[in-house]
Amino acid sequence: MSAVMIQREGAGTGAMTGKHWMVVAAGTLALLADDAQAAMSGQINARLILIAGCEVTNTSTPESPVSDFGTLDFGLQGPTWNAPIKASLDGDSSGKLNVACNPSVTGFTVTIDGGSHGDGNTRRLSNGRQTLPYQLFVDPSGARSYSNGKQHNFAVTSAAQTPIPVFGSVVANTRAVPAGVYTDTLTVTLDW
């Protein structure tokens, strides 16, 4: 092992007292540098935040939530009809949307507005010039209606999907109406 002595600038060459010498063990440092190894460890934090929430699907599997909840298709009809024309959401006999909520949600409300062509009390299909009144129901028999803007309560009883049934009925019409495609757009609001 070799040592190098370096005299500080401005230091005299006299006696050891008053002299400041710096000793650097250069050989030792060189030997340590060849054999040096380092190790370091640390941590990674992982996290997922789940919020209290619900997702709506219009199928029996909640694979992808949707904002287009489906179509209430009343089909083809002649210029008059003596009985109400009934329909269910997307032609499904259950007429339902499905809602999946996480366990912190115990219930939710569904509100369906009066539609694009409604007058505040009655929903209406329109061809741009003529309108036809229609109604929405919670059940296929038409006993419980979705009134314009009125909330309906639904309980979440398990982690399984909760159905939101939607059925429609165009009222009977004995006077001839112009041909055309009659449509409306409804906004469905889900609150929990």
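These numbers were taken from a predicted model, which means no experiment stands behind them.

K.L.:
Help me understand the overall build of the chain in this model?
P.N.:
Counting secondary structure elements, the chain contains one helix and 12 strands. When the helices and strands of the chain are read in sequence order from the N terminus, they spell out β-β-α-β-β-β-β-β-β-β-β-β-β. Counting over 192 residues, the chain shows a buried share of 28%. Approximately 13000 Å² of the chain is accessible, and the part contributed by carbon and sulfur atoms is 54%.

K.L.:
How do you make sense of the sheet that holds strand 7 (residues 123-126) when you look at a structure like this?
P.N.:
Strands in a sheet are paired, the pairing made by backbone hydrogen bonds, and the direction either parallel or antiparallel. On the basis of which strands lie adjacent, the open sheet formed by four strands has the order 4-11-8-7 and antiparallel pairing. In this open sheet, the two edge strands, each paired with only one partner strand, are strand 4 (85-88) and strand 7. The sheet shows a mean angle of 35 degrees between the axes of neighbouring strands, taken without regard to direction. Judged from the four bridges that link them, strand 8 (residues 131-137) and strand 11 (residues 167-170) form a sheet pairing that is antiparallel. Residue pairing for strand 11: Tyr134 is matched across the bridge by Val170.

K.L.:
Before we go on, may I ask you to explain the packing of aromatic side chains in this structure?
P.N.:
Each aromatic ring pair is specified by the distance between its two centres and by the angle formed by the two planes. Enumeration according to the criterion identifies two aromatic pairs in this entry. Here the aromatic rings of Phe74 and Tyr134 are separated by 6.1 Å at their centres, their planes lie at 65 degrees, and the arrangement is edge-to-face. Taken together, the residues Phe74 in the loop between strand 3 (54-57) and strand 4 and Tyr134 in strand 8 connect sequence positions 60 residues apart. For Phe74, a relative accessible area of 14% puts it in the buried group. Assessed through its relative accessible area of 4%, Tyr134 is described here as buried. For the pair Phe108 and Phe154, a centre-to-centre distance of 5.5 Å together with 15 degrees between the ring planes defines the contact as stacked. Here the residue Phe108 occupies a position in strand 6 (residues 107-112), and Phe154 occupies one in strand 9 (residues 151-155), the gap between them amounting to 46 residues.

K.L.:
What exactly am I supposed to notice about the nonpolar core here?
P.N.:
Grouped together as the largest cluster of nonpolar side chains are 30 residues, with contacts concentrated most on Phe74, Val99, Phe108, Val110, Tyr146, Ile164 and Leu190. Only strand 3, strand 4, strand 5 (96-101), strand 6 and strand 8 provide two or more residues apiece to this core.

K.L.:
Would you explain the sheet that holds strand 5 in this entry?
P.N.:
Taken in spatial order, the three strands make up an open sheet running 3-5-10, and their pairing is antiparallel. Where the open sheet ends on each side, the last strands, each with one partner, are strand 3 and strand 10 (162-165). Ignoring which end each strand starts from, the neighbouring axes of this sheet average 30 degrees apart. By the bridge criterion, four bridges tie strand 3 to strand 5 in an arrangement that is antiparallel. Residue pairing for strand 5: Cys54 is matched across the bridge by Cys101.

The rules behind these values
Residue positions within a chain follow its written sequence, with the count starting from 1. This being a predicted model, a pLDDT of at least 70 is required before a residue's local features are given, and a value of 80 or more before pairs of side-chain atoms are given or counted; all residues contribute to the totals for chains, interfaces and linings. To get the side-chain values, take all heavy atoms of the structure and skip hydrogens and water. Numbered from the N terminus, helices here are DSSP runs of H or I no shorter than four residues, and strands are runs of E no shorter than two. Each residue's exposure class comes from its accessible area (1.4 Å probe, protein chains only) as a fraction of the maximum for that residue type: buried when under 20%, exposed when over 50%, partly exposed otherwise. Note on areas: these come from Shrake-Rupley sampling with a 1.4 Å probe, and a residue is covered only by the protein chains present in the view. We treat two strands as partners when DSSP finds at least two bridges between them. For helices, the fitted line uses only the C-alpha atoms of the stretch in contact; every axis is such a line through C-alpha atoms, and the angle between N-to-C directions lies from 0 to 180 degrees. Each pair of aromatic rings taken from Phe, Tyr and Trp, with Trp reduced to its six-membered ring, is defined by centres within 6.5 Å and is described as stacked if the planes are under 30 degrees apart, edge-to-face if over 60, and tilted in the remaining cases. Within this scheme, the nonpolar core is defined by two criteria: the residues are buried Ala, Val, Leu, Ile, Met, Phe, Trp, Tyr or Cys, and they are joined through side-chain atoms within 4.5 Å.

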